[in-house]
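Coordinate analysis (summary)
Spelled out, the chains give:
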Amino acid sequence: QVQLVESGGGLVQPGGSLRLSCAASGFTLELYGITWIRQAPGKEREGVSCIRRSDDTTYYADSVKGRFTISRDNAKNTVYLQMNSLKPEDTAVYYCAARRSYYRASFYLNSYEYDYWGQGTQVTVSS
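Residues numbered from 1 in each chain as written. Predicted model: local features only at pLDDT ≥ 70, side-chain atom pairs only at ≥ 80, totals over all residues. Heavy atoms only, no water.

**Quick look at the nonpolar core**
Among the nonpolar cores identified, the biggest contains 28 residues, and I34, W36, L81, M83 and Y94 are the most heavily contacted of them. In contact with M83, not counting residues within four places along its chain, are G16, S17, L18, L20, R67, F68, Y94 and V123. (Core = buried A, V, L, I, M, F, W, Y, C linked by side-chain atoms within 4.5 Å. Buried < 20%, exposed > 50% of the residue type's maximum accessible area, 1.4 Å probe, protein only. Contact = heavy atoms within 4.5 Å.)

**Focus on the state of the cysteines**
Going through the model one piece at a time under the given rule, you end up with one disulfide. In this model, C22 is linked to C96 through a disulfide, with the two sulfur atoms separated by 1.8 Å. Judged by the sign of its S-S torsion, about -70 degrees, the cystine formed by C22 and C96 is left-handed. Taken together, the residues span a long stretch of sequence, with C22 in strand β3 (residues 18-25) and C96 in strand β9 (residues 92-99) at a distance of 74 residues. (Disulfide = S-S within 2.5 Å. Helix = DSSP H or I, 4+ residues; strand = E, 2+ residues; numbered from the N terminus.)

**As for the environment of I51**
Mapped onto the secondary structure, I51 falls in strand β5 (residues 46-51). Remark: the alpha-carbon pair of I51 and C22, spanning 29 residues in sequence, is separated by 12 Å. Beyond its immediate stretch of four places on either side in the chain, I51 contacts G33, I34, D56, T57, T58, I70, S71, R72 and V79.

**Side note on unusual backbone geometry**
Even without glycine at this site, D56 takes up a positive phi of about 60 degrees. Tracing the chain through its elements places D56 in the loop between β5 and β6 (58-60). You can call D56 partly exposed: its relative accessible area is 38%. Positive phi is not limited to glycine here, since S85 has a value of about 50 degrees. Here S85 is to be found in the loop between β8 (78-83) and β9. Here S85 falls in the partly exposed class, since its relative accessible area comes to 42%.

Keep in mind that these numbers describe shape and distance, not what the molecule does.
Structure, rendered in structure tokens:
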């Protein structure tokens, strides 16, 4: 089946780290730009990070700059989000989405704007 599957979420204490994975099945992920998007109760949906298809340029929301790193492993058909120095406000469901082309500087935040959208993985940061 053609799909994206997120994994790696869980419960972690403030200051801890997690690595999220976004694995593609049925298509070649290197042909797509990938965006991580998060949704938390009571908050606006937020674009977290993006890696371009054409040149692997990366982008980050101001709220995660210096703490999160996005990367791609084409051999494994997987994109990662390394999250360090986690804060309680990082608690959210994290979604991975794939799109062939991007035409603006701001994050796309809606599923209809993407070719593929994963099921999400829960990240909870709490002591």
